[in-house]
Amino acid sequence: MNASSSILAAVNAVYLASFAFFLWNFLAPRDWIKRLANQTLGLGFLVASGFLVTEARRSGLYIPVARLYQALFFFSWSMVCVYLVLAWRLKLDTFGLVLVPLVWIMSLTSFFAYEDKPVALPYEENVLFGVHVVAAFFAYASFALAFVGAILYLIQNRGLKAKRLGPFYHRLPSLEVLETVVYQSIILGFALLTLALASGFIWTRDVFGVFWHWDPKFMSSLLTWFFYLAILYLHYVKSLRGRNVVMVSVLAFFCVLLTFLGVNVFEGGVHSFLK
Amino acid sequence: MQHLFALGLNHRYAAVEFRERLAFGRQELPTVLGELRQNLGLTESVVLATCNRVEVYGVAEDLANIRRVLPEFLSLYRAVDEASLRKTLYFFDDEEVVRHLFRVATGLDSMVVGESEILGQVKEAYRVASQEGHVKALLHHLFERAFRAAKRARQETGIASGAVSVASVAVELAQKIFGRLAQENILLLGTGKVSELTLKRLVRLEARAIWIASRNPDRAQELARKYDVRPVLFSDWRHYLREADIVISSTASPHPIVRYEDVKEVMALRKHKPLFIIDLAVPRDTEERVNSLDDVYLYNIDDLTGISEANVKLRRKEIAKCEAIIEKEVEHFLHWLRQLDSSAIVEKLQARLQAIIREELEVAAKTESPERVEVLRRMLARVKGKLLHEPLRKLKEVQEEGGGHHYFEALQTLFDLERVQLNHEENKVSDREPGKQTGAFAD
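Everything numeric here is computed off the predicted structure, so don't read it as measured data.

## Examining the overall build of chain A
Line of reasoning, step 1. Within chain A, the regular secondary structure consists of nine helices and zero strands.
Line of reasoning, step 2. From first element to last, N terminus to C terminus, chain A shows the α and β order α-α-α-α-α-α-α-α-α.
Line of reasoning, step 3. In terms of overall dimensions, chain A is globule-like: its C-alpha atoms have a radius of gyration of 19 Å, near the 19 Å expected for 275 residues.
Line of reasoning, step 4. Principal axes of the C-alpha set define a box for chain A whose edges measure 55 × 50 × 30 Å.
Line of reasoning, step 5. Per-residue burial for chain A yields a buried fraction of 52% across its 275 residues.
Line of reasoning, step 6. Across chain A, the fraction of contacts at a sequence separation of at least 24, relative to all contacts at a separation of at least 6, is 78%.
Line of reasoning, step 7. By element, 72% of the accessible surface of chain A is carried by carbon and sulfur atoms, the whole surface being about 12,500 Å².
Line of reasoning, step 8. Separation of charge centres in chain A, based on 20 positive and 12 negative side chains, amounts to 14 Å.

As structure tokens, then:
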């Protein structure tokens, strides 16, 4: 185990601790436990950032996302980042209970998939490329947050309809707040995705001379973009609210998953994970 | 020796007629407290009077006497039959008083377990007694500790969680749907009594607009004035349904007036902004089918009562946890109390020795010169100091470890300290500022 993977192990430990605190707060709510849970998550974020720095140095890439484990980790890192920003703005605090285990599983998978091999990019990294990658990942993270919010909304909605009000009922935020989280995250994600696509197109043209490749990722991300555009149109232009639009955003996230994971696994194409 | 006592009656043992006769209004309390001091010689007392209980807490030397005269006093004061009164009264002393008060303040002794009103009422009763000068160190510490125990129990267990009245269940649900309830419109259909209670709670939360549609215009006007709401024509209710986010209905209609088709149409117009319908009418005002529509949340009175009963059940499960917390707090208080006694004993011991020394010096002064008396005084002071130094040090040590009561009891008996009157106002120790006692726990 080298320095880099030890830090990764530490990240996992801290995330696990944060999850433990969120769980404790769920079972026996206290202000100080809640604060501790969020602070531990913040600490995890810092250590995770440290890992990214060492990984970048070790693999010679500015933004280490070339291999699956790196991409997975970067995704989890950006999720925490987006969560911390939104949580601070919207004053969320119990979201962590659902988010942290997700993040932890991702970074744990990352840990087990870790490879200590050097990576060589077939093309040069530049600022535009960096913007493209970071914007894309943060877009995924925002959509993931929207997804979590949407799931919680649907759970809460179900409970209220069926008049079965279990322990979740008391601890979950209101439908109003959850809906806000969903749409604010989608706006953020959409803006970032637009940036990612634009920078991606420009970079491709610079390096390959064409805007477009018949690459699975190009196609599915464009699809994703349209999907979320439709959602934003329904909610902000047509003023539609309620369960059905939220459901659509759940489906849209599967597009994101497809875009993120599905396509990279296939051989060929610009976005495949490098060997 | 000073003893704590509590005497009273509550909803469990006394019928409401009795409670009504004995219930003292807030304005009467100063007089009652004054009478208790004057006629029964109580230096410390607090009277707690609510619609469900009347209790007197106090400090006295002779508890048997209190047991005799206090019920007598109450029966005369309020013209109730003494014998019947005695049958319903309960009496606690010392440790039991502490436990009882802590339980009452926490809401464990209330009709609805964990209710929050009682704590405010106890605080108010204490405040009045304190203002009128009926609270000294003992009751001060007792009640402060009670408030603390109640706060802990209510925060650390689920005893106070979950709404238990229909109105507060409705409000909680509204908050689950709409969040902080700052911008919602409310429509009141019909003007039943329970609707009014629910409305009262919602109004406190500052909704944006509130409309009342009632077939009874006088009643509507009355409520409109009372809660600052707008009366609208009953025939217009469908129009307002579109704008309202929360509907509280309790008309006397024998058939449902809010139909599935109406609401479906309204939801499309509202673009599926959530709609919360609280149907308190029996028979129901809203078709059951309405609940199947997306983003409509329909709750009738049975649903709300079901939730409130479930919450009461959950609260009951928390009672054991509460009692555990209360036990710990009772322990702390008793520990303080014992130390209070022990400080008094040490003081009394010193006072006795000092008295003996003074006596002897007075005798010596008759035959010896002033210089010799001075020498003797200094010598006796040194002897007293040396005699007491080691025993007091050991006592303090043993006390800090949490024991030693038998030593204090032994001192009290051997030196006959009960008869010692400390040379200041009565109950000197009680008058000292709390927290400045020797050996008092750091709090």
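From this point on, the discussion continues.
## Description of a nonpolar patch on the surface
Line of reasoning, step 1. Taken together, the side chains of Ile187(A), Tyr233(A), Tyr236(A) and Val237(A) make up a nonpolar region of the molecular surface, amounting to roughly 400 Å² of accessible area.
Line of reasoning, step 2. In terms of residue count, helix H8 (residues 216–237) of chain A provides more of the nonpolar patch than any other element does, three residues in total.

## Comments concerning the interface of chain B and chain A
Line of reasoning, step 1. Counting residues at the interface gives 27 residues for chain B, matched by 23 residues for chain A.
Line of reasoning, step 2. In total, about 2,000 Å² of surface goes out of reach between chain B and chain A, with carbon and sulfur atoms giving 47% of it.
Line of reasoning, step 3. Its largest share of buried area at the contact with chain A, chain B owes to Lys176(B), Lys271(B) and Tyr297(B), together 32% of the area lost on that side.
Line of reasoning, step 4. Seen at the junction of chain B and chain A, the total is one salt bridge.
Line of reasoning, step 5. At the boundary of chain B with chain A, the tally comes to 15 residue pairs in polar contact (both at pLDDT 80 or more).

## A look at the environment of Gln156(A)
Line of reasoning, step 1. With respect to the helices and strands, the residue Gln156(A) is situated in helix H5 (residues 127–162).
Line of reasoning, step 2. In this structure Gln156(A) touches Tyr169(A), Leu172(A), Pro173(A), Ser174(A), Leu175(A), Leu178(A) and Lys176(B), once residues within four positions along its chain are discounted.

## A few points about the sheet that holds strand S1 (residues 3–10) of chain B
Residue and element names in this part refer to chain B.
Line of reasoning, step 1. Strand order in the open sheet formed by four strands is S2-S3-S1-S4, with antiparallel pairing between adjacent strands. Two strands in the sheet have a free side with no partner beyond their single neighbour: strand S2 (44–49) and strand S4 (90–93). Here the strands of the sheet are splayed against their neighbours by 15° on average, with no regard to which way each runs.
Line of reasoning, step 2. As judged from the eight bridges shared by S1 and strand S3 (residues 53–60), these two strands associate in the antiparallel manner.

## What to know about the packing of aromatic side chains
Line of reasoning, step 1. As enumerated under the stated definition, the model contains 31 aromatic pairs over all chains in all.
Line of reasoning, step 2. The interplanar angle of 15° and the centroid separation of 5.4 Å between the aromatic rings of Phe45(A) and Trp77(A) together place this pair among those described as stacked. Taken as a pair, Phe45(A) in helix H2 (residues 31–59) and Trp77(A) in helix H3 (residues 68–90) lie far apart in primary sequence, 32 residues in all.
Line of reasoning, step 3. An aromatic cluster is present here, built from Phe45(A), Phe74(A), Phe75(A), Trp77(A), Phe137(A), Phe138(A) and Tyr140(A) joined pairwise through their rings.
Line of reasoning, step 4. For the cation-ring pair, Lys163(A) lies above Tyr299(B), with the distance from its terminal atom to the ring centre recorded as 5.0 Å.
Line of reasoning, step 5. Positioned over the ring face of Phe147(B) is Lys123(B), at 5.6 Å from the centre of the ring.

## Things to note about the sheet that holds strand S10 (residues 296–300) of chain B
All names here are of chain B.
Line of reasoning, step 1. Here six strands make up an open sheet; going across it, the order is S7-S6-S5-S8-S9-S10 and the pairing parallel. Each edge of the open sheet carries a strand with a single partner, namely strand S7 (230–232) and S10. Adjacent strand axes in the sheet meet at a mean angle of 20°, parallel and antiparallel pairs treated alike.
Line of reasoning, step 2. Alignment of strand S5 (residues 185–189) against strand S8 (residues 246–249), held across four bridges, turns out to be parallel. Bridge pairing in S8 links Leu 187 to Val 247.

## Concerning the packing of H5(A) against helix H7 (residues 175–208) of chain A
Residue and element names in this part refer to chain A.
Line of reasoning, step 1. Here H5 crosses H7 at 155°, and the two axes come no closer than 7 Å. Considering the angle they form, H5 stands roughly antiparallel to H7. The way H5 lies across H7 gives a crossing that is left-handed.
Line of reasoning, step 2. Looking at the contact of H5 with H7 residue by residue, the classes come out as 27 nonpolar, nine polar and two charged.

## A closer look at the pattern of salt bridges
All names here are of chain B.
Line of reasoning, step 1. Per the stated rule, a full pass over the model turns up 32 salt bridges over all chains.
Line of reasoning, step 2. The partner of Asp 109 in a salt bridge is Arg 12, with the nearest N and O atoms 3.1 Å apart. Of the two residues, Asp 109 sits in the loop between helix H5 (95–106) and helix H6 (117–131) while Arg 12 sits in the loop between S1 and helix H1 (16–22), which places them 97 residues apart along the sequence.
Line of reasoning, step 3. Exposure remark for Asp 109: the relative accessible area of 5% places this residue in the buried category.
Line of reasoning, step 4. Between Glu 55 and Arg 53 there is a salt bridge; the shortest N-O distance is 3.1 Å.
Line of reasoning, step 5. According to the relative accessible area criterion, Glu 55 is buried, its value standing at 1%.
Line of reasoning, step 6. The exposure class assigned to Arg 53 is buried, which follows from its relative accessible area of 2%.
Line of reasoning, step 7. One salt-bridge network, in which partners are shared between bridges, spans Arg 12, Arg 53, Glu 55 and Asp 109.

The rules behind each value
- Residues numbered from 1 in each chain as written.
- Chains lettered and ligands numbered in written order.
- Predicted model: local features only at pLDDT ≥ 70, side-chain atom pairs only at ≥ 80, totals over all residues.
- Heavy atoms only, no water.
- Helix = DSSP H or I, 4+ residues; strand = E, 2+ residues; numbered from the N terminus.
- Rg over C-alpha atoms; globule rule 2.2 N^0.38 Å.
- Buried < 20%, exposed > 50% of the residue type's maximum accessible area, 1.4 Å probe, protein only.
- Contact = heavy atoms within 4.5 Å.
- Areas by Shrake-Rupley, 256 points an atom, 1.4 Å probe, with all protein chains shown as cover.
- Lys, Arg positive; Asp, Glu negative; His and termini not counted.
- Charge placed at Lys NZ, Arg CZ, Asp CG, Glu CD.
- Patch = residues over 30% accessible without salt bridge, like charges linked within 9 Å, V, L, I, M, F, W, Y side chains within 5 Å.
- Salt bridge = Lys/Arg side-chain N within 4 Å of Asp/Glu carboxyl O.
- Buried area = accessible area lost by both parts, 1.4 Å probe.
- Polar contact = N/O pair within 3.5 Å; in protein donor to acceptor, adjacent residues only side chain to side chain.
- Pairing = 2+ DSSP bridges.
- Axes fitted to C-alpha atoms, helices over the stretch in contact; angles between N-to-C directions.
- Phe/Tyr/Trp six-rings, centres within 6.5 Å; stacked < 30°, edge-to-face > 60°.
- Lys NZ or Arg CZ within 6 Å of the ring centre and 35° of its normal.
- Parallel < 35°, antiparallel > 145°, perpendicular 65-115°, else oblique.
- Left-handed = near helix turned anticlockwise from the far one by under 90°.
- Nonpolar A, V, L, I, M, F, W, Y, C, P; charged D, E, K, R; others polar.

Function cannot be read off these values alone, since they describe shape.
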